[in-house]
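Here is how the chains run, residue by residue.
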Amino acid sequence: MSRLPFYLIVALLMVVGIAMSIHRHVEFEVPWTPGEQRQVWEIEAQVTFDGQGEPAKVDMALPSSQDGFRVLTEHTASPGYGLAFLQENGARRAEWSTREAVGDQRLYYTAQVLVTEGARKATAPPPPPPVTDVAWERPYDTAAQQVIDRAWARSSDAFTFARELLSEFADDRQGENARLLLTQFDRVPLAVRLLNQAGVAAREVSGLMLDSGRRRQSLTSWIQVYDGDKRALFNPATGEQGKPDNLLMWESAGNAVLEVEGGRDSRISFSMLVRNQPAAAAVRSQLAEDSDTLLNFSIHSLPLEEQALFQTILLIPIGALVVVLLRVLIGIKTSGTFMPVLIALAFIQTTLLTGLVGFLLVVAVGLVIRSYLSHLNLLLVARVTAVIITVIAIISIFTVLSYRFGLNAGLTITFFPMIILSWTIERMSILWEEEGPKEVLIQGGGSLLTAVLAYLAMNNPWIRHITFNFLGLQLILMALILLLGNYTGYRLLELRRFKPVTED
Amino acid sequence: MLNWTSPGKLKAKGIIGMNRRNIRYIGRYNSRKLYPLVDDKLKTKLLAQEYGITTPEHIGTVSTQFSVKHISEMLAGHNGFVIKPAKGSGGKGILVIERVEGKHFIKPSGAELDIEDVERHVSNILSGLYSLGGSPDVALVEGLINFDTTFAAYTYEGVPDIRVIVFKGYPVMAMMRLSTAASDGKANLHQGAVGVGIDIASGRAVRGVQFDRSRTDHPDTGHELASLQITGWTTLLELASGCYEMTGLGYLGTDMVLDRDRGPMLLELNARPGLAIQMANGEGLRRRLDLIEAQTEERSAAERVAFAQHHFARQGELQEAPAEAI
């Protein structure tokens, strides 16, 4: 009888479980620990313009998830306007439209952006087609050519050329040619034009410098330079290469940030605020578009109520694992195999101390009443039913009493699974009659110990976080339990039990 | 560590743990579908009669709550009897009435019961109180066993029975279970009965344990255990071995009892025999089971017993004392 298929299944479960968990960690930045804090930027863009009393159309660029940032949620506030989100050439845009815009118009767009570590494969727009015929008027053609030649001579590739070119325009070392060109042209379009003339693909892009608590900010212009597949961002003012960490690219396809038809004096301004929030919560508010494939199968796509339910359900395997460990590896006796898990679930609702006191009270009083019932010579089902009603009565009395005494903790006693408790009382009572109080203590104590350990495991914030956020863990648990089911070694308590045999 | 031993030492002794027993022997050699044969004592009894294996006298069966009221008619004329649940386990729910005095039913402990108590007990059995999983059950009423008085000094109140582990038809290990005051006349080791390991070759006592700790005498009668010698040992082993053919179970615990008049009888079978027998014998089952697993030859019950008696013979560890006349 080959055990190979068994180990293959276990290995498969393990690998799939671990892979699913790592996938979720890497792809969705679900953290391994619940306490991890993440920065979330709350960014609000306000578009204002004067309506002319005619149909108006507002077209605004939107940020996408990118290196260092992930867009979590976005909302708009624009009463009276139709709204559409468009996606073209890897750039996202919002389009507001209305039949009649009169007077001062305000449109709001807010986005929550999560600061993430590590690079993402952002859907970057393709580089612009090379522009070769750049025409200048005299005398700018000579000045442009000289600036290009100077920078070209001092550079080796597209990026160094861009740096050298931009430094020609840097404030402190502007040459005569640069100054001349700047009288006629804006700095950024001029730089792009010069780059294009030199055969370097480049475009102007817009980004938002994130700085907490700032209001009425506007986008800053940057120059994106392409060298084959590589690209780099340059600060047009200083010629510095590289994207600052707090720069959120807002528009990177070379389009206008804002286009308004049927309005005048259009403006866009930004305000922003940073918050620290638990990473798990940040994950929870991810866009729905992220979790629509089977691989991203997640509890988070369910309604909140069902999520709360699943949070508990997904913990049960942990409790069951504790029971399996204690029974198979330690050899603890419990009354009813998985009764301790149910008790532990009740402890989660009641908190440990209240739960323990309540459990002991109910079982003790139940045992006393059950011992009377055993004199009545009842049929089993009727007797257990009588015990169930007794348990309910005990729980009601304790609840009312504790409420009268102002002990709110007593109210949670109702979370105990009453039918399970009744069977526990019935079993313990029989155990008492047949094997004596000692065995009741052993099994009752074993059950309580198991329940407490299962409770500690299931109530651990880290375990709760992991079970809820990584469904792959269930497969790993399954593999572990299958392995434990295959364990033929000694139980810990057997080392004690069989001790006398080894003595002689 | 004063009270603990190491897995290595246990392994060296060949001790089998619960997990290994469950997976390696019960799981592998005991087919699930055969369990009802041994879990239901009524079925075992009928099967045993079919295979010519002696069992205790069958007084009657109570299978409906209605007939509980008529149990006194069934019991009339029997001075002593045993009521047990057909699907009980671990000795639960077995009521032994040693004698009947007028309206009183006397237990071996001397406790007196009324007919109502007996009826309630039977009713409990029927409603499944003692059966596995609480399923409805049947109560068996059997005649009292007139146990061999040779063992009177070795036991307190109850009937001593002999547990033989039969592996693939070979008797691999045996022990006698002597009831004590602590075990309330029952022969279950975890309830406090004394277990005495019996040498497979000779039927002599090897070693005694109570509550998993060594003993050399009976706690209640004070009689030393070394002189214990079972008469008709080979017959008993052959009877036990025959249970393999009868049930088809590869790893089987047979509970035998020696009746004064009828000789060895099969009391009940157990598809999940406990491990305390290793303690009683001071030896692990592992080597013996390995040896049997290596056997490929087809053998009859008598041949298997001879094989076991040849290979598993051992010296008693208790003081060798001449058998006293009791």
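- The name an unreviewed UniProt entry assigns to chain B is Alpha-L-glutamate ligase-like protein, from the organism Halomonas sp. H10-59.

- The name that an unreviewed UniProt entry assigns to chain A is Gonadoliberin III, with the source organism given as Halomonas litopenaei.

Focus: the overall build of chain B
- Counting secondary structure elements, chain B contains 11 helices and 14 strands.
- Within chain B, the fraction of its 326 residues that count as buried is 48%.
- Partitioning the contacts of chain B with sequence separation of at least 6, the portion at a separation of at least 24 is 65%.

Concerning the overall build of chain A
- Helix and strand counts for chain A come out as 17 helices and 10 strands.
- Across the 504 residues that make up chain A, the buried fraction comes to 33%.

Comments concerning the sheet that holds strand β5 (residues 201–209) of chain A
Residues and elements named next belong to chain A.
- Read from one edge to the other, the open sheet built from four strands follows the order β7-β6-β5-β8, with strand pairing classed as antiparallel. Either end of the sheet is taken by a strand with one partner, and the two such strands are β7 (230–234) and β8 (247–251). Strand-to-strand, the axes of this sheet are offset by a mean angle of 40°, without reference to chain direction.
- Judged from the seven bridges that link them, β5 and strand β6 (residues 220–227) form a sheet pairing that is antiparallel. Across the sheet, the residue bridging to S206 is S221, located in β6.
- In this fold helix α3 (residues 158–168) packs onto β5, β6 and β7, with an angle of close to 145° to the strand it touches most, β6.

Quick word on the packing of helix α8 (residues 316–330) of chain A against helix α9 (residues 339–350) of chain A
All names here are of chain A.
- The N-to-C vectors of α8 and α9 enclose an angle of 135°; their axes lie 9 Å apart at closest approach. For the element pair α8 / α9, the angle class is oblique. The crossing of α8 and α9 is right-handed. Only P340, V341 and A344 of α9 make contact with α8, whose side of the interface consists of I316, G319, A320 and V323.
- Among the residues making up the contact of α8 with α9, the classes are represented as six nonpolar, one polar and no charged.

Brief notes about the nonpolar core
- V166(B), V172(B), V196(B), I198(B) and M256(B) are the most contacted members of the largest nonpolar core, which has 91 residues in total.
- In terms of residue count, helix α8 (residues 233–247) of chain B provides more of this core than any other element does, eight residues in total.
- With 60 residues, the next largest nonpolar core counts A101(A), I148(A), Y226(A) and L247(A) among its residues.

Quick look at the confidence of the model for chain B
Residues and elements named next belong to chain B.
- Of all residues in chain B, 94% attain a pLDDT of 70 or more, and the chain-wide mean is 83.
- Ignoring residues within four places in sequence, the model shows residues 319–326, a span with pLDDT below 50, making 11 contacts including any to other chains.
- Confidence metrics for the complex model read pTM 0.69 and ipTM 0.75.

Focus on the UniProt feature "transmembrane region" (unreviewed entry) in chain A
Residue and element names in this part refer to chain A.
- Under the UniProt annotation, the feature "transmembrane region" (unreviewed entry) is placed at residues 308–330, 342–369, 375–398, 405–425, 440–458 and 470–490.
- In residues 375–398, helix accounts for 79% and strand for 0%; the two terminal C-alpha atoms are 26 Å from one another.
- Here residues 470–490 is 62% helix and 0% strand, with 33 Å between the C-alpha atoms at its ends.

Some remarks on the sheet that holds strand β11 (residues 205–210) of chain B
All names here are of chain B.
- Taken in spatial order, the seven strands line up as β12-β11-β10-β9-β8-β13-β14 in an open sheet, and their pairing is antiparallel. Two strands close off the open sheet at either side, each with one partner strand: β12 (213–215) and β14 (263–270). Between one strand and the next, the sheet's axes are offset by a mean angle of 30°, whatever the strand orientation.
- Direction of pairing for strand β13 (residues 251–259) relative to β14: antiparallel, over a ladder of seven bridges. Of the residues in β14, the one forming a bridge with D259 is G263.
- Contacting β8 (161–167) and β9 (170–178), helix α10 (residues 286–293) runs over the sheet at an angle of about 150° to β9.

A word on α8(B)
Residues and elements named next belong to chain B.
- Its 15 residues place the ends of α8 22 Å apart at the C-alpha level, agreeing with the 21 Å of an ideal helix rising 1.5 Å per residue.
- Where burial is concerned, most of α8 is hidden: 11 out of the 15 residues are buried.
- When α8 is considered as a whole, its buried residues turn out to be W233, L236, L237, L239, A240, S241, G242, C243, Y244, M246 and T247.
- Backbone geometry just downstream of α8 places G248 in the positive-phi region, at approximately 80°.

Brief notes about the interface of chain B and chain A
- Residue-level contacts link 29 residues of chain B with 25 residues of chain A.
- Of all the elements in the fold, those that place two or more residues in the side of chain B that touches chain A are α1 (7–13), α2 (18–29), α7 (115–126), β12 and α9 (276–281) of chain B.
- Looking at the side of chain B that touches chain A residue by residue, the classes come out as eight nonpolar, 13 polar and eight charged.

A few points about helix α10 (residues 352–373) of chain A
- When the terminal C-alpha atoms of α10(A) are compared, their 31 Å separation across 22 residues agrees well with the 32 Å that a helix rising 1.5 Å per residue should span.
- Three or more residues of α10(A) are buried, namely T354(A), G355(A), G358(A), F359(A), V362(A), V363(A), G366(A) and R370(A).

Regarding the environment of Y51(B)
Residues and elements named next belong to chain B.
- With respect to the helices and strands, Y51 occurs in the loop between α4 (41–50) and β1 (58–62).
- The class for Y51 is partly exposed, based on 13 C-beta atoms found within 10 Å.
- Measuring from C-alpha to C-alpha, the distance between Y51 and G242 comes to 8.4 Å, with 191 residues separating the pair along the chain.
- Discounting residues that sit within four places of it in the chain, Y51 has contacts with G242 and M246.

Some details on the environment of A101(A)
All names here are of chain A.
- With respect to the secondary-structure elements, A101 resides in strand β4 (residues 91–115).
- C-beta crowding within 10 Å serves as the criterion here: with 24 such atoms nearby, A101 is assigned to the buried category.
- Sequence separation of A101 and G263 is 162 residues, and the distance between their C-alpha atoms is 7.8 Å.
- The contacts of A101, once residues within four sequence positions are left out, are G51, A56, G262 and G263.

With respect to the pairing of strand β2 (residues 81–85) of chain B
All names here are of chain B.
- With five of five residues buried, β2 is to be regarded as a mostly interior element.
- Here β2 shows no split at all, with F81, I83 and P85 on one side and V82 and K84 on the other all buried.
- Bridge count between β2 and strand β7 (residues 139–143): five bridges; the pairing is antiparallel. Residue pairing for β7: K84 is matched across the bridge by L140.
- Pairing analysis gives three bridges linking β2 to strand β3 (residues 95–97), with the strands arranged antiparallel. Opposite V82, over in β3, you have V96 as the bridge partner.

A few points about unusual backbone geometry
All names here are of chain A.
- The residue D265 is not glycine, and still its phi comes out positive at about 55°.
- Positionally, D265 belongs in strand β10 (residues 263–278).
- D265 sits in the exposed class, given 9 other C-beta atoms within 10 Å.
- Positive phi, normally seen in glycine, also occurs at T351, with a value near 70°.
- Within the element layout of this structure, T351 appears in the loop between α9 and α10.

So, the environment of L37(B)
All names here are of chain B.
- Along the chain, L37 falls in helix α3 (residues 35–39).
- For the pair L37 and L249, spaced 212 residues apart in the sequence, the C-alpha separation amounts to 9.5 Å.
- Non-local contacts of L37, meaning those with residues more than four positions away in its chain, are made with K43, T44, L47 and T247.

Some thoughts on the pairing of β7(B)
Residue and element names in this part refer to chain B.
- Among the five residues of β7, four are classified as buried, and the element is accordingly described as predominantly covered.
- As judged from the four bridges shared by β1 and β7, these two strands associate in the antiparallel manner. Paired with G60 across the strands is V141, a residue of β7.

About the cut-offs
Residues numbered from 1 in each chain as written. Chains lettered and ligands numbered in written order. Predicted model: local features only at pLDDT ≥ 70, side-chain atom pairs only at ≥ 80, totals over all residues. Helix = DSSP H or I, 4+ residues; strand = E, 2+ residues; numbered from the N terminus. Buried ≥ 20, exposed ≤ 12 C-beta atoms within 10 Å, placed from the backbone. Contact = placed C-beta atoms within 7 Å. Pairing = 2+ DSSP bridges. Axes fitted to C-alpha atoms, helices over the stretch in contact; angles between N-to-C directions. Parallel < 35°, antiparallel > 145°, perpendicular 65-115°, else oblique. Left-handed = near helix turned anticlockwise from the far one by under 90°. Nonpolar A, V, L, I, M, F, W, Y, C, P; charged D, E, K, R; others polar. Core = buried A, V, L, I, M, F, W, Y, C linked by C-beta atoms within 7 Å. pLDDT = per-residue confidence, 0-100. UniProt positions renumbered as here; feature names shortened; annotations may be inferred. Expected span 1.5 Å × (residues − 1).

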